[in-house]
Amino acid sequence: MNLFLLIFIFFALMFDKLNIFFYLILSSVCHEAGHILACIVCGHKPQVKASIFGLSLSNYPEEKTKKTFVLICGPLVNFIFIIMSCLFLMDKFGLNIYVFLCVNIVVFLVNMLPVSFLDGGQLVQNFVPDNRIIRMLDKLSVVIFAMSVFILTNNLIYSVLSVVLFCLYYYINKINLRL
């Protein structure tokens, strides 16, 4: 699995003319670094897992306030990158910073979706213990994601493909959470 991941990353970086994949990796690593730093600040030992779908933190502090702090710090890093890109860097670097900005907006918004394995879903689970609400939010977030992709790309094919990939990602994570 790790060899496949490295080969995939290598070819994705080789053929990415706009550096979207590079910025996606950078934004994801910084996002997870925000979680890791928050874990360390809370006195908890973080564990990071890598997969073809990205990086993820596999354990969180048990205390509700510490867990909330750790969950918020990842998207907060992307939000800070968004603000910095808009305020300070847009004029100096042009297209590269625009791509970096767009990637961070997507990483932030996707992570804040109320899907059980994403930061937004874990925040909801932290405050709403009812599983029926969480299952409903999981289904609703697929619709929100599809609408977002359609609005951003104005292309039905991208929307359908994105929903299929999102559902695949969702069910793979559901299976991994049960193991």
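Colleague: How should the overall build of the protein chain be read in this particular structure?
Modeller: For the protein chain, the helix and strand inventory stands at seven helices and two strands. Relative to its full complement of 179 residues, the protein chain shows a buried share of 35%. Long-range pairs, those at least 24 residues apart, make up 53% of the contacts in the protein chain with a sequence separation of at least 6. When the accessible surface of the protein chain is totalled, it reaches about 11500 Å², and 73% of it is carbon and sulfur.

Colleague: I keep staring at the packing of aromatic side chains and nothing clicks. Help me out?
Modeller: The geometry of an aromatic ring pair comes down to the distance between the two centres and the angle between the two planes. Under the definition given, this model contains four aromatic pairs. A ring pair is formed by Phe-79 and Phe-108, whose centres lie 5.7 Å apart and whose planes are at 40 degrees; its orientation type is tilted. Taken together, the residues span a long stretch of sequence, with Phe-79 in helix H3 (residues 64-93) and Phe-108 in helix H4 (residues 95-111) at a distance of 29 residues. A relative accessible area of 39% means that Phe-79 is categorised as partly exposed. Between Phe-81 and Phe-100, the aromatic rings sit 5.3 Å apart at their centres with planes inclined by 50 degrees, giving tilted as the arrangement. Of this pair, Phe-81 sits in helix H3 while Phe-100 is found in helix H4, placing the two residues 19 residues apart along the sequence. Given a relative accessible area of 18%, Phe-81 falls into the buried group. Put simply, the rings of Phe-22, Tyr-23, Phe-81 and Phe-100 pair up and form one aromatic cluster.

Colleague: Would you mind going over the side chain of Thr-68 with me for this structure?
Modeller: With respect to the helices, strands and loops of the structure, Thr-68 is situated in helix H3. Judged by relative accessible area, Thr-68 falls into the buried class, the value being 13%. Excluding anything up to four places from it in sequence, Thr-68 contacts Leu-123, Asn-126 and Phe-127.

Colleague: Honestly, the environment of Tyr-23 in this entry has me stumped. Any pointers?
Modeller: Residue placement: Tyr-23 occurs in helix H2 (residues 20-41). Take Tyr-23: its relative accessible area is 12%, and that puts it in the buried class. Separated by 77 residues in the primary sequence, Tyr-23 and Phe-100 place their C-alpha atoms 5.8 Å from one another. For Tyr-23, the residues in contact, after removing those within four places along its chain, are Leu-18, Asn-96, Val-99, Phe-100 and Val-103.

Colleague: I would appreciate a short explanation of the environment of Val-110 in the present structure.
Modeller: Residue placement: Val-110 occurs in helix H4. Overall, the relative accessible area of 23% leaves Val-110 in the partly exposed class. Taking the C-alpha atoms as reference points, Val-110 and Ile-144, separated by 34 residues in sequence, lie 10.0 Å from one another.

Colleague: Is there a simple way to explain the nonpolar core in this structure?
Modeller: In a soluble, globular protein the nonpolar side chains are often hidden away together inside. In this structure, Ala-38, Cys-39, Cys-42, Leu-57, Tyr-60, Val-70, Leu-71, Cys-73 and Leu-123 together form the largest nonpolar core, which totals nine residues. Residue assignment for this core shows that the elements contributing at least two residues are H2 and H3. A total of three residues in this core trace back to one element, the largest contributor, which is H3. If sequence neighbours within four positions are ignored, Cys-73 has contacts with Gly-34 and Ala-38.

Colleague: What is the right way to read the side chain of Asn-104 from this model?
Modeller: Mapping Asn-104 onto the fold places it in helix H4. The exposure class of Asn-104 is buried, given its relative accessible area of 0%. With residues near it in sequence (within four places) discarded, Asn-104 still touches Ser-27, Asn-78, Phe-81 and Ile-82.

Colleague: So what exactly am I meant to see when it comes to H4 here?
Modeller: Side chains of residues three or four places apart in an α-helix project in the same direction, reflecting 3.6 residues per turn. The end-to-end C-alpha separation of H4 is 24 Å, in line with the 24 Å expected for 17 residues at 1.5 Å each. Of all the positions in H4, only Ile-97, Val-99, Phe-100, Leu-101, Val-103, Asn-104, Val-107 and Asn-111 are classed as buried.

Definitions and limits used
- Position labels on residues start from 1 in each chain and follow its written sequence.
- Totals for whole chains, interfaces and linings use every residue, but because this is a predicted model, local features are given only for residues with pLDDT of at least 70 and side-chain atom pairs only at 80 or more, for both listing and counting.
- Computation of side-chain values covers all heavy atoms of the structure but excludes hydrogens and water.
- In DSSP terms, a helix is any run of H or I states spanning at least four residues, a strand is any run of E spanning at least two, and both are numbered starting from the N terminus.
- Here the term buried applies to any residue with accessible area under 20% of the maximum for its type, exposed to any over 50%, and partly exposed to those in between, with areas from a 1.4 Å probe on protein chains only.
- Should any heavy atoms of two residues lie within 4.5 Å, those residues are counted as being in contact.
- In these tables, accessible area is a Shrake-Rupley quantity obtained with a 1.4 Å probe, and a residue counts as shielded only by the protein chains included in the view.
- Stacked, tilted and edge-to-face are the three classes applied to pairs of Phe, Tyr and Trp rings, where Trp contributes its six-membered ring and a pair requires centres within 6.5 Å; stacked means planes under 30 degrees apart, edge-to-face means over 60, and tilted covers the rest.
- Buried Ala, Val, Leu, Ile, Met, Phe, Trp, Tyr and Cys residues that are joined via side-chain atoms within 4.5 Å together make up what is termed a nonpolar core.
- What a helix should span is 1.5 Å times the count of its residues minus one.

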